[in-house]
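Below, each chain spelled out in residue letters.
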Amino acid sequence: RVLDLTRGEADVALRNVRPREQSLIARRLGLERYGLFAAPSYLARKGTPRAASDLASHDLILYDREYDRLRSQVWLRRVAAGARVAVRASNTMTLHAACAAGAGIALLSTAFLREDARFTRVLPRLEPPADDLWTATHADLRSAARVTVTLRWLDQLVREAGMAV
């Protein structure tokens, strides 16, 4: 869920959109790239789509309706027009869990799924739009040791995942 940094609900945020609050210090870390993924069990049961048009006969796993305006979700709904929405998830962990359990095809970040046998890339030639990846922290906290260490760790993680710009 999105926490409010200005209310002190968190010290550091990782966001897919640039924070607009004037009191926050934002820094673009990189790009989050996506791909379509499904569990091998799902593909064994429903078949592997060979073209984007095949997605219409498949089940999708999407974020909750409040995220229907996200560029990536708009893209998936357009590319897979006619597909049945099998699961709506409120967070990324649930999206991954539903996909790994074989509930359908999901649009997931490619950075951390390269070696995960629970997921098979589907239609890898399709190019979903990438999202900018931003860190944000309250200006008053930017020099706090815990924030500095966290920001360095996030920067390193993004570089190691090949997401840095």
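Worth saying up front: this structure is predicted, and the values here are computed from it rather than measured.

(A) How the structure looks around the pairing of strand E6 (residues 105-109). Along E6, five of the five residues are buried, which leaves the element largely enclosed by surrounding structure. By the bridge criterion, four bridges tie strand E3 (residues 34-38) to E6 in an arrangement that is antiparallel. Note that in E6 the partner of Tyr 34 across the bridge is Ser 109. Examined bridge by bridge, strand E4 (residues 59-63) and E6 share two bridges and lie parallel to one another. Bridge pairing in E6 links Leu 60 to Ile 105.

(B) Focus on the confidence of the model for the protein chain. In the predicted model, the protein chain carries a mean pLDDT of 92, and the fraction of residues at 70 or more is 99%. Between the elements of the protein chain, mean pLDDT differs from a low of 91, seen in strand E1 (residues 12-15), to a high of 98, seen in helix H1 (residues 40-46).

(C) Layout of the sheet that holds strand E2 (residues 24-32). An order of E1-E8-E2 is seen for the three strands of this open sheet, with the pairing classed as antiparallel. Across the chains shown, the open sheet's two edge strands, defined by having one partner strand only, are E1 and E2. With direction set aside, neighbouring strand axes in the sheet form an average angle of 20°.

(D) Spotlight on the packing of aromatic side chains. For the structure on display, the rule yields one aromatic pair. Taking the centre distance of 5.7 Å and the plane angle of 65° together, the rings of Tyr 63 and Tyr 67 count as edge-to-face. On the basis of relative accessible area, Tyr 67 is assigned to the partly exposed category, the value being 22%.

Conventions used here
Residues numbered from 1 in each chain as written. Predicted model: local features only at pLDDT ≥ 70, side-chain atom pairs only at ≥ 80, totals over all residues. Heavy atoms only, no water. Buried < 20%, exposed > 50% of the residue type's maximum accessible area, 1.4 Å probe, protein only. Helix = DSSP H or I, 4+ residues; strand = E, 2+ residues; numbered from the N terminus. Pairing = 2+ DSSP bridges. pLDDT = per-residue confidence, 0-100. Axes fitted to C-alpha atoms, helices over the stretch in contact; angles between N-to-C directions. Phe/Tyr/Trp six-rings, centres within 6.5 Å; stacked < 30°, edge-to-face > 60°.

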